[in-house]
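Residue-level structure breakdown
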Amino acid sequence: MPSFTSPDQGDDLEACVLRFADLDLKDTRLINPSSSLKAELDASTKKKYSFAKKKAFALFVKTKEVPAHTLECKEKWWKCCQQLFRDRISIHKHVATQHADEICHQTASVLKQLAVTLNTSKTLRSEDSRKPLKEYLTCNREVSAWLPDISCFSPDELISGQDSDGGEVLLYYCYRDLEDPHWVCAWQTALCQHLSLTGKVRIATEGINGTVGGSKLATRLYVEVMLSCPLFKDYMCKDDFKTSKGGACCFPELRVGVFEEIVPMGISPNKISYKKPGIHLSPGEFHKEVEKFLSQANEEQSDIILLDCRNFYESKIGRFQGCLAPDIRKFSYFPSYVDKNLELFREKKVLMYCTGGIRCERGSAYLKAKGVCKEVFQLKGGIHKYLEEFPDGFYKGKLFVFDERYALSYNSDIVSECSYCGAPWDQYKLCSTPQCRQLILTCPACQRQGFTACCVTCQDKGRRLGSSPTQSSFKEE
């Protein structure tokens, strides 16, 4: 991981110029990057600032790592301000509250480095200095060679039905080693733009993970291209693509990028590989196992654990009956949860599930690596595929999704309640306070009374600012 110097070390602050394709940011002060940088960033470039801040935060936390004090524990601890932190959540909270200024200065430095990197990468692309793909791709390096022929369709045909009524959303992933993820990234960007698809696609050396929306014609062509591409045709089948009602309107834009992991668990794929997951169970097999688990007289003394790998706000509005739902905000907190509760899993048969199956691939591998479980199983295709087969099965409530729809409904069960009055309610909205954007469950009656914030602090802040609710963007990732 590259190191970044702070902007006041060895840099000329007379004219600090950050240049991106759509960013020309000049800041001669950099005394308070939090205010000066944010003030000059427009809507499109705020994403670059957000990325830089996350990068700066991660780099800062990385510098605080220390070896664990016990021989039995191979995980890292963190030491900061003469305090020892044993889990990622606590060090994150400490850094966020106590070191905001350092993060701001580091953010400015990361932005500058990103500008340099972007200019360099453009030069490299022009010189075509990337390593070649496998033999079957070397003869057709051009991305255009791997785009479908759409000349037989009119532009209207390709984009008609992109709304939530006539369009479709695809959810898929594929774990397989990729030699040139940057080429795949360029190809996926061109492919989605070619078909007028929006959404998010993550690419890494370990594979690809995507959620894209558009017209049914566009999504059909996308699946056909993916299944015919030599990189994926031997690793994927049509059943690997989960579909739901939606369209391009479900995503504000198209985002395609290269990352270390295709699902962010926070642990290098070199340490915990997708190649050693739990045993896959079809929806039918999983249904039988859950039925067997629920039929036991005392579930608490059972040797089976039904484990939800998702975040707390996902399981809050929908989950399997009798499941164990960790109180975690991000999947990157899942390893810490497992480490703290190893005795809970000792000699147990674990049935894991998540939205589409991808989090279980790495999550089950991590749990297996701990060597405490009797057996580890995972639901193939996730809740998505289970509900297609068993809409009135053991999963109750809605299925949370990471787009503008927030949730999919397969049954009429409501398992959550309004945060204010306790009435049955499961439709998320964003906190009404600007810059917060946390998810909140507030029923129409409470909304009419002005209860539209996620907490008392935000509610008071909203009253002072006199702001109205905004639903312009989606914070949870």
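Since we're looking at a predicted model, the values are computed, not measured. (Residues numbered from 1 in each chain as written. Predicted model: local features only at pLDDT ≥ 70, side-chain atom pairs only at ≥ 80, totals over all residues. Heavy atoms only, no water.)

**Overview of the packing of aromatic side chains**
Under the criterion given, the structure shown has 19 aromatic pairs. Centre to centre, the rings of Tyr172 and Phe241 are 5.1 Å apart; their planes meet at 40 degrees, and the pair counts as tilted. Residue Tyr172 is located in strand E6 (residues 167–175), and its partner Phe241 is located in the loop between helix H8 (216–228) and strand E9 (242–246); the two are separated by 69 residues in the primary sequence. Overall, Tyr172 belongs to the buried group, its relative accessible area being 0%. (Phe/Tyr/Trp six-rings, centres within 6.5 Å; stacked < 30°, edge-to-face > 60°. Helix = DSSP H or I, 4+ residues; strand = E, 2+ residues; numbered from the N terminus. Buried < 20%, exposed > 50% of the residue type's maximum accessible area, 1.4 Å probe, protein only.)

**Considering the sheet that holds strand E10 (residues 254–258)**
Taking strand neighbours across the sheet as the criterion, the five strands line up as E9-E6-E8-E7-E10 in an open arrangement whose pairing is mixed. Because the sheet does not close on itself, it has two edges, and the strands there are E9 and E10. If you compare each strand with its neighbour and ignore which way they point, the axes differ by 10 degrees on average. Two strands pair when backbone bridges link them, and strand E7 (residues 198–204) and strand E8 (residues 207–215) are joined in this way by seven bridges, in the antiparallel orientation. Across the sheet, Val201 pairs through a bridge with Gly210, a residue of E8. Running over the sheet, helix H7 (residues 181–194) touches E6, E7, E8 and E10 and is turned about 170 degrees from E10. (Pairing = 2+ DSSP bridges. Axes fitted to C-alpha atoms, helices over the stretch in contact; angles between N-to-C directions. Contact = heavy atoms within 4.5 Å.)

**Here's the deal with the confidence of the model for the protein chain**
When the pLDDT values of the protein chain are averaged, the result is 82; 77% of them are 70 or greater. Across residues 123–133, confidence stays below pLDDT 50; counting only partners more than four residues off in sequence or on other chains, it has 15 contacts. This model gives residues 467–477 a pLDDT under 50, and the stretch forms 29 contacts once residues within four places in sequence are excluded. (pLDDT = per-residue confidence, 0-100.)

**Digging into the pattern of salt bridges**
Pairing between side chains of opposite charge can happen when their charged atoms approach one another. Applying the stated criterion to the full structure yields 18 salt bridges. Ionic pairing is found between Asp177 and Lys275, a salt bridge with its closest N-O pair at 3.0 Å. Taken together, the positions of Asp177 in the loop between E6 and H7 and Lys275 in the loop between E10 and strand E11 (279–281) put the pair 98 residues apart, joining distant regions of the chain. Two residues, Asp413 and Lys396, come together in a salt bridge whose shortest N-O distance is 4.0 Å. On the criterion of sequence distance, the pair formed by Asp413 in the loop between strand E18 (407–408) and strand E19 (428–430) and Lys396 in strand E16 (residues 395–397) is long-range, its members being 17 residues apart. For Asp413, a relative accessible area of 30% translates into the label partly exposed. Taking the relative accessible area as the measure of exposure, Lys396 reaches 23% and is therefore partly exposed. (Salt bridge = Lys/Arg side-chain N within 4 Å of Asp/Glu carboxyl O.)

**Looking at H8**
In this model, H8 (13 residues) spans 18 Å end to end at C-alpha, consistent with the 18 Å of a helix rising 1.5 Å per residue. All of the buried residues along H8 are Leu217, Ala218, Thr219, Leu221, Tyr222, Val223, Val225 and Met226. (Expected span 1.5 Å × (residues − 1).)

**Describing the state of the cysteines**
Considering all chains together, one arrives at zero disulfides under this definition. Free cysteine Cys80: the closest other cysteine sulfur is in Cys81, separated by 3.8 Å. Under the relative-accessibility criterion, Cys80 is labelled buried at 3%. Here Cys309 is not cross-linked by a disulfide; its sulfur's nearest cysteine counterpart is in Cys360, at 4.0 Å. Looking at Cys309, the relative accessible area reads 0%, which means it is buried. (Disulfide = S-S within 2.5 Å.)

**Some details on the packing of helix H9 (residues 283–295) against helix H14 (residues 382–389)**
Following both chains from N to C, one finds H9 and H14 inclined at 85 degrees, their axes separated by 9 Å at the closest point. Comparing the axis directions of H9 and H14 gives the class roughly perpendicular. Residues Pro283, Gly284 and His287 of H9 pack against Lys385, Tyr386 and Glu389 of H14. Classifying every residue of the contact of H9 with H14 by side-chain character gives two nonpolar, two polar and two charged. (Parallel < 35°, antiparallel > 145°, perpendicular 65-115°, else oblique. Nonpolar A, V, L, I, M, F, W, Y, C, P; charged D, E, K, R; others polar.)

**Let's talk about the sheet that holds strand E5 (residues 83–85)**
Sheet architecture is open: three strands sit in the order E3-E4-E5, paired in antiparallel fashion. The open sheet has two edge strands, strand E3 (65–67) and E5, and neither has a second partner. Between one strand axis and the next, the sheet turns through 40 degrees on average, direction left out of account. Direction of pairing for strand E4 (residues 76–80) relative to E5: antiparallel, over a ladder of three bridges.

**Topic: the side chain of Glu361**
Secondary-structure assignment places Glu361 in helix H13 (residues 358–369). For the buried Glu361, which has no salt bridge, the nearest side chain bearing the opposite charge is Lys380, at an N-O separation of 6.5 Å. (Lys, Arg positive; Asp, Glu negative; His and termini not counted.)

**Brief notes about the pairing of strand E14 (residues 349–353)**
With five of five residues buried, E14 lies mostly within the body of the structure. Note that strand E12 (residues 304–308) and E14 share five bridges and pair parallel. By the bridge assignment, Ile304 is partnered in E14 with Lys349. Relative to strand E15 (residues 375–379), E14 runs parallel, the two sharing four bridges. Residue Leu351 lies in a different strand from E15, and its bridge partner there is Phe377.

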